Amino acid sequence: MLKTIDYRADLCVVGGGMAGICAAIAAARNGAKTVLMQERPVLGGNASSEIRMWVCGAHGENNRETGIVEEIALENLRRNPTKNFHIWDTVLYDFVLREKNITLLLNCTCMDAEVEEGIFPHGRDRRILSVTGYQMTTQRFYQVEAKFFSDCSGDSILAPLTGAQF
């Protein structure tokens, strides 16, 4: 039987692209114990060395990306002036690892979710209790119980797993 490792967190972010990275870092910096579950071996999603699409966002004389995205971009300019995607991967990895409130699960595919039905705030009739991921590199399951969940996956995996409309 394969081993299951349990985590309890304030927030579980599913998806380690730029949206997931920024959500996890922002939550962790505000004191939330956060688990970031990413199914690929690197962070960044489309902006990783696997897909190679640079974060372009707002640009021009009066527009630019700010906040965590700008922090990451400035660090990348310092460490990676030639814009090598493999170095970029390490910049993203380091940014996540330096946050003490983030537990990072790479190569971990979100494959199941446990929901509870009832009457909840804001007219909701169900809530997510936990998600289960499988990490192929360790052949382990990870079950994450959290107060809040953020689906930052590219395929919105939590919707079909939980019966959510979106």
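Residues numbered from 1 in each chain as written. Predicted model: local features only at pLDDT ≥ 70, side-chain atom pairs only at ≥ 80, totals over all residues. Heavy atoms only, no water.

Q: Explain the side chain of Q135 here, please?
A: Inspection of the secondary structure puts Q135 in strand β5 (residues 124-135). The exposure class assigned to Q135 is buried, which follows from its relative accessible area of 9%. If near-sequence neighbours (up to four positions away) are discounted, Q135 is found in contact with L105, L106, N107, C108, R140 and Y142. (Helix = DSSP H or I, 4+ residues; strand = E, 2+ residues; numbered from the N terminus. Buried < 20%, exposed > 50% of the residue type's maximum accessible area, 1.4 Å probe, protein only. Contact = heavy atoms within 4.5 Å.)

Q: Just checking my understanding: could you explain helix α1 (residues 18-29) for this structure?
A: Residues spaced three or four apart along an α-helix point in a common direction, a consequence of the helix completing one turn every 3.6 residues. Here α1 is twelve residues long and its end C-alpha atoms lie 16 Å apart, about the 16 Å a rise of 1.5 Å per residue gives. Every buried residue of α1 is listed here: M18, G20, I21, C22, A24, I25, A27 and A28. The inward-facing, buried residues of α1 abut β1 (4-14), β2 (34-37), α2 (67-79), α3 (85-97) and β3 (102-105). Where α1 terminates, the next one or two residues include G31, which has phi positive at roughly 95°. (Expected span 1.5 Å × (residues − 1).)

Q: What am I meant to see in the packing of aromatic side chains here?
A: Aromatic ring pairs: the centre-centre distance and the angle between the two ring planes describe each pair. Counted according to the given criterion, the structure contains two aromatic pairs. Note on Y134 and F141: the rings are 5.2 Å apart at their centroids and 55° apart in plane angle, and the pair reads as tilted. (Phe/Tyr/Trp six-rings, centres within 6.5 Å; stacked < 30°, edge-to-face > 60°.)

Q: How should I be thinking about the side chain of E75 in this particular structure?
A: The topology assignment puts E75 in helix α2. You can call E75 buried: its relative accessible area is 15%. When residues no more than four places from it in sequence are discounted, the contact partners of E75 are V91, F95 and R98.

Q: When you look at the pattern of salt bridges in this model, what are you seeing that I'm missing?
A: For the coordinates displayed, the defined rule picks out nine salt bridges. For D10, the salt bridge goes to K147, with nearest N and O atoms at 3.2 Å. On the criterion of sequence distance, the pair formed by D10 in strand β1 and K147 in strand β6 (residues 140-151) is long-range, its members being 137 residues apart. For K147, a relative accessible area of 61% translates into the label exposed. (Salt bridge = Lys/Arg side-chain N within 4 Å of Asp/Glu carboxyl O.)

All quantities given are derived from atomic positions and should not be read as evidence of function.
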